Amino acid sequence: MSPPCHTSALLLMFMALAVAGAEQSEERSCDVVGDESSESQMERALLKKLEPLSHMRFNVTVEKGKAENYIYHFRVCREVSSTSHDFGGLVQTDTQTGKTTVIGRINETQVFNGSDWIMLIYKGGDSYGRHCSGEKRRAVIMISCKRGVTASSFTIISEEREKEQECFYLFEMDSSVACPAENSHLSVGSILLITFVSLIAVYIIGGFLYQRLIVGAKGMEQIPHFAFWQDLGNLVADGCDFVCRSKPRNAPAAYRGVGDDQLGEESEERDDHLLPM
């Protein structure tokens, strides 16, 4: 093979390996049961809401005596083992034998919610042996609202396998992603008041700095538009005086000070009769 052909073959091989590696590194996510076109807007919104939990792994150990000891591995809308390529979203491992059993797969997902919870269901798990008529296993995960906690308290509640059909494993966990959006406690009037006060504060502080640093004003002149506010104050005072005055302007005052003009004229020579003739 000529050198150019050899180089081209190597490049093609490296490109193929890179594409294969990229496909393997990209983790698969939940696929709702049914055709993609049948997925509702609510289901897509809930899967989007659960994305913050997708990078986390959850484990819980269950001991049922010496015969049955298991570890359950769970991921939200991701495969527990990306190398297995079995779509296993919740996997059971026997601690004694090391045998793994897929309880539910992410390619057969159901999701719905209530006011403060989200129910995630993985169907299509490995078949039961002698229980539940040999049907496929199913995992039900109840995610309850707990504000301030990304995820915690992953536990198994029960395993229903005594029925003939519709058996399931029930798990629960707490997470803030299941909480409803908090409504603002501020009314429209409060928001407008806060906005108005903020604008007034910006006007006063900004105007003060401008007058002091740019214009070089001193004293009361540092107040922005000082002359305008001074005239406005006088106008308000005059208006209040005009509106609130209860007596006519030409009415005499109720109290008049005592002055020289209010004193009666003294009688002339009141003591003249005492003088000697």
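As named in an unreviewed UniProt entry, the chain is Cation-dependent mannose-6-phosphate receptor, taken from Chloropsis cyanopogon.

Peer 1: Quick one: what's the story with unusual backbone geometry, residue by residue and with numbers?
Peer 2: One non-glycine residue with positive phi stands out, namely serine 133, at about 60 degrees. One can find serine 133 in the loop between β5 (117–124) and β6 (139–145). Even without being a glycine, glutamate 166 presents a positive backbone phi close to 55 degrees. Examined against the element boundaries, glutamate 166 turns out to sit in the loop between β7 (152–160) and β8 (168–175).

Peer 1: Please give an account of the environment of alanine 139 that cites residues and values.
Peer 2: Position of alanine 139 relative to the elements: it lies in strand β6. Using a relative accessible area of 0% as the deciding quantity, one classes alanine 139 as buried.

Peer 1: How would you summarise the confidence of the model for the chain if you had to cite specific residues and measurements?
Peer 2: Residues of the chain with pLDDT of at least 70 account for 78%, and the chain-wide mean is 81. In this model, residues 18–24 is a region of pLDDT below 50 whose contacts with residues beyond four sequence positions or in other chains number zero contacts.

Peer 1: Account for the UniProt feature "transmembrane region" (unreviewed entry) in the chain, with residues named and values stated.
Peer 2: Taking the numbering used here, the UniProt-annotated feature "transmembrane region" (unreviewed entry) corresponds to residues 186–210. Regarding residues 186–210, the helix share stands at 92% and the strand share at 0%, and the terminal C-alpha atoms are separated by 34 Å.

Peer 1: Could you give me a rundown of the packing of aromatic side chains, with the residues and numbers involved?
Peer 2: The full count for this structure, using the stated rule, is eleven aromatic pairs. With 6.1 Å between their ring centres and 50 degrees between their planes, phenylalanine 74 and tyrosine 122 make a pair best called tilted. A residue pair is termed long-range when its members are at least 10 positions apart, and phenylalanine 74 in strand β2 (residues 68–75) and tyrosine 122 in strand β5 qualify at 48 residues. Judged on exposure class, the residue phenylalanine 74 and its partner tyrosine 122 are both buried. When the ring of phenylalanine 112 is compared with that of tryptophan 117, the centres are 6.1 Å apart and the planes differ by 85 degrees; the resulting orientation is edge-to-face.

Peer 1: Would you mind going over the side chain of glutamate 79 in detail, with residue names and values included?
Peer 2: Looking at the secondary structure, you find glutamate 79 in the loop between β2 and β3 (88–94). Within the local environment of glutamate 79, its side chain forms a polar contact with the backbone nitrogen of aspartate 86, the two atoms lying 3.4 Å apart. Look past the residues within four positions of glutamate 79 in its chain and what remains in contact with it is Arg28, His85, Asp86, Phe87, Gly88 and Ile106.

Reading the values: the criteria
- Residue positions within a chain follow its written sequence, with the count starting from 1.
- Local features in this predicted model are restricted to residues whose pLDDT is 70 or higher, and side-chain atom pairs enter the listing and the counts only when it is 80 or higher, whereas totals over whole chains, interfaces and linings include all residues.
- Side-chain measures were taken over the full set of non-hydrogen atoms in the model, leaving aside hydrogen atoms and water.
- Secondary structure elements follow DSSP: runs of H or I no shorter than four residues count as helices, runs of E no shorter than two count as strands, and numbering proceeds from the N terminus.
- Accessibility here uses a 1.4 Å probe with only protein chains present; expressed as a share of the type maximum, an area under 20% marks a residue as buried, one over 50% as exposed, and anything in between as partly exposed.
- Summary of the metric used: pLDDT quantifies the predictor's per-residue confidence within the range 0 to 100.
- What makes two residues a contact is simply this: any of their non-hydrogen atoms within 4.5 Å.
- UniProt positions are given in the numbering used here, feature names are shortened, and annotations may be inferred rather than shown by experiment.
- Aromatic rings from Phe, Tyr and Trp, with only the six-membered ring used for Trp, were paired whenever their centres fell within 6.5 Å, and each pair was classed as stacked if the ring planes differed by under 30 degrees, edge-to-face if by over 60, and tilted otherwise.
- In the analysis that follows, any N or O atom pair within 3.5 Å is treated as a polar contact, provided that within protein one partner can donate a hydrogen and the other can accept it, and provided that, for residues neighboring in sequence, both atoms belong to side chains.

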